[in-house]
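Here is how the chains run, residue by residue.
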Amino acid sequence: MVLDVQQLAVDYRGVLGLDRISFQIQPGQLVGIVGPNGAGKSTMLKAMLGLIPAKSGKIQYCTCPLHRQLERVAYVPQRSQIDWDYPITVWNVVMMARTRQLGWFRTPGRPSKEIVKTALERVEMDTLQHRRIGELSGGQQQRVFLARALAQQADLFFFDEPFTGVDQKTEAILIKIFTELRTQGKILLISSHDWGDAITQLDRLLLLNQRLIADGSPQQVMTPENLKQAYGTTLRSPLPPNLDSNLFC
Ligand SMILES: Nc1ncnc2c1ncn2[C@@H]1O[C@H](COP(=O)(O)OP(=O)(O)OP(=O)(O)O)[C@@H](O)[C@H]1O
Ligand SMILES: [Mg+2]
């Protein structure tokens, strides 16, 4: 049940996007990806899913190619890549996760409706289920997409910058659900250019800037040398002050 990424590389018309990244993730791991804007975090997630072509690389889950098991992956793209003007209700956004499982032409039955309802309750968005997605705040929209991921009942969860622009309540809901999914043995791969306090929840952190600069616990990864390689010299540390003081004294 291991997610195995070997030598993943991406070129954008001759320009390096990602340089031969390799790592493995065991079930029940909450793994963060960190790196500056343009480091290739989104590129990596998209290339793993086959949404953009890879120049090289082998991505396997349970020893089979991941792109043949996409129904097992719940992917929430970065905000900027979602069309928020699309005229669809909160309920139907979440139901899309079920329709994808059942096939587009089958009417969802009672079990699917129950799954959607429970997912919306878990993210505290059930009261706004009839609203259009474009009529929600950024944090509420992020929670709806989290509900959609839950309704998919996937084994792997890829979230691209889920904390961007969300308030403390939404951040707490996201972290609570991520840690619950970890307890259920799911694999979680979550990108953020700035982790803040949430970094303390991670089992493991991948520091990226085109190549994989470091891979380990947040404390092992966020060393001054690694940060310098990833961000250059003028960095404000992305670690919360309590961890920061341990590292930089
Ligand atoms: N469709 C594309 N065509 C050409 N270059 C691209 C394309 N998408 C991304 N890039 C480039 O690839 C690099 C990695 O981009 P990517 O979006 O993966 O970074 P990121 O780490 O997700 O950044 P951010 O923190 O801003 O979300 C950047 O230099 C970017 O300009
Ligand atoms: Mg990105």
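The numbers attached to residues start from 1 for each chain and follow its sequence in the written order. Chains carry letters from A onward and ligands carry numbers from 1 onward, assigned in written order. At least 70 in pLDDT is required for a residue's local features to be given in this predicted model, at least 80 for side-chain atom pairs to be given and counted, and no such filter applies to totals for whole chains, interfaces and linings, which use all residues.

**Topic: the overall build of the protein chain**
The condition is simple: Numbering of helices and strands runs from the N terminus, with a helix taken as a DSSP run of H or I at least four residues long and a strand as a DSSP run of E at least two residues long. For the radius of gyration, the atoms used are the C-alpha atoms, and the globule rule reads 2.2 Å times the number of residues raised to 0.38. Partly exposed residues are those falling between the two cut-offs: more than 12 but fewer than 20 other C-beta atoms within 10 Å of their own, whereas 20 or more means buried and 12 or fewer means exposed, with C-beta atoms placed from the backbone. Two residues qualify as a contact pair if the distance between their C-beta atoms, derived from the backbone, is within 7 Å.
Counting its regular elements, the protein chain contains 8 helices and 10 strands. The C-alpha atoms of the protein chain give a radius of gyration of 18 Å, which matches the 18 Å a tight globule of 249 residues would have. Oriented by its inertia axes, the alpha-carbon framework of the protein chain measures out at about 55 × 40 × 35 Å. Taking all 249 residues of the protein chain together, the buried fraction comes to 39%. Residue pairs in contact within the protein chain that sit at least 24 positions apart in sequence constitute 69% of those at least 6 positions apart.

**Notes on helix 4 (residues 138-151)**
Keep this limit in mind: To estimate how far a helix should reach, multiply one less than its number of residues by 1.5 Å.
Over its 14 residues, helix 4 runs 20 Å from end to end, which matches the ideal 20 Å to within 8%, given 1.5 Å per residue. The element helix 4 is largely enclosed, with a buried count of 11 among its 14 residues. Of the positions making up helix 4, those classed as buried are Gln141, Gln142, Arg143, Val144, Phe145, Leu146, Ala147, Arg148, Ala149, Leu150 and Ala151. Once helix 4 finishes, glutamine 153 follows within two positions and takes phi at roughly 50°, a positive value.

**Here's the deal with the packing of helix 3 (residues 110-122) against helix 4**
Just so we agree on the cut-off: Fitting a line to C-alpha atoms yields each axis, with helices limited to the stretch in contact; the angle taken between N-to-C directions then spans 0 to 180 degrees. Working rule for angles: under 35 degrees goes down as roughly parallel, over 145 as roughly antiparallel, 65 to 115 as roughly perpendicular, anything else as oblique. Crossing chirality is assigned from the near helix's rotation relative to the far helix, an anticlockwise turn below a right angle marking it left-handed and a clockwise turn marking it right-handed. Each residue gets one of three labels, nonpolar for Ala, Val, Leu, Ile, Met, Phe, Trp, Tyr, Cys and Pro, charged for Asp, Glu, Lys and Arg, and polar for the others, Gly among them.
It is the contact of helix 3 with helix 4, at a shortest axis distance of 8 Å, that shows an interaxial angle of 140°. The pairing of helix 3 with helix 4 is recorded here as oblique in orientation. Crossing geometry of helix 3 relative to helix 4 is assigned as right-handed. Taking contact as the criterion, the partners of Ile115, Val116, Ala119, Leu120 and Arg122 in helix 3 are, on helix 4, Ala147, Leu150 and Ala151. Residues that form the contact of helix 3 with helix 4 fall into these classes: 7 nonpolar, no polar and 1 charged.

**Concerning the nonpolar core**
The criterion, for reference: The nonpolar core is taken to be a set of buried Ala, Val, Leu, Ile, Met, Phe, Trp, Tyr and Cys residues joined by way of C-beta atoms within 7 Å.
Grouped together as the largest cluster of nonpolar side chains are 71 residues, with contacts concentrated most on Met44, Val94, Ala119, Leu146, Ala147, Phe157 and Leu188. Take this core: its biggest share by element is 7 residues, from helix 4.

**Focus on the environment of proline 111**
Along the chain, the position of proline 111 falls in helix 3. A sequence separation of 13 residues divides proline 111 from arginine 98, and the C-alpha atoms of the two residues are 9.8 Å apart.

**Considerations on the sheet that holds strand 2 (residues 15-25)**
Defined as follows: A pair of strands counts as paired when DSSP detects no fewer than two bridges linking them.
The 4 strands are arranged 2-1-4-5 in an open sheet whose pairing can be described as antiparallel. If you trace the sheet from one side to the other, it starts and ends with strand 2 and strand 5 (64-65), each paired once. Each of strand 1 (3-12), strand 2 and strand 4 (56-61) is contacted by helix 1 (residues 41-48), which is oriented at about 115° to strand 1, the strand it contacts most.

**Quick look at the sheet that holds strand 9 (residues 204-209)**
Spatial ordering of the open sheet is given by 6-7-8-3-9-10, a layout of 6 strands whose pairing is mixed. Strand pairing shows two members of the sheet lacking a second neighbour, strand 6 (73-76) and strand 10 (211-216), which therefore form its edges. Here the average twist between neighbouring strands, direction ignored, is 15°. Pairing analysis gives 4 bridges linking strand 6 to strand 7 (residues 156-160), with the strands arranged parallel. Considered in strand 7, the bridge of valine 76 is made with phenylalanine 159. Here helix 5 (residues 168-183) sits on the sheet and contacts strand 3 (30-34), strand 7 and strand 8 (187-191); the angle it forms with strand 8, its principal contact strand, is near 150°. Packed onto the sheet, helix 7 (residues 224-231) meets strand 9 and strand 10 and runs at close to 155° relative to strand 10.

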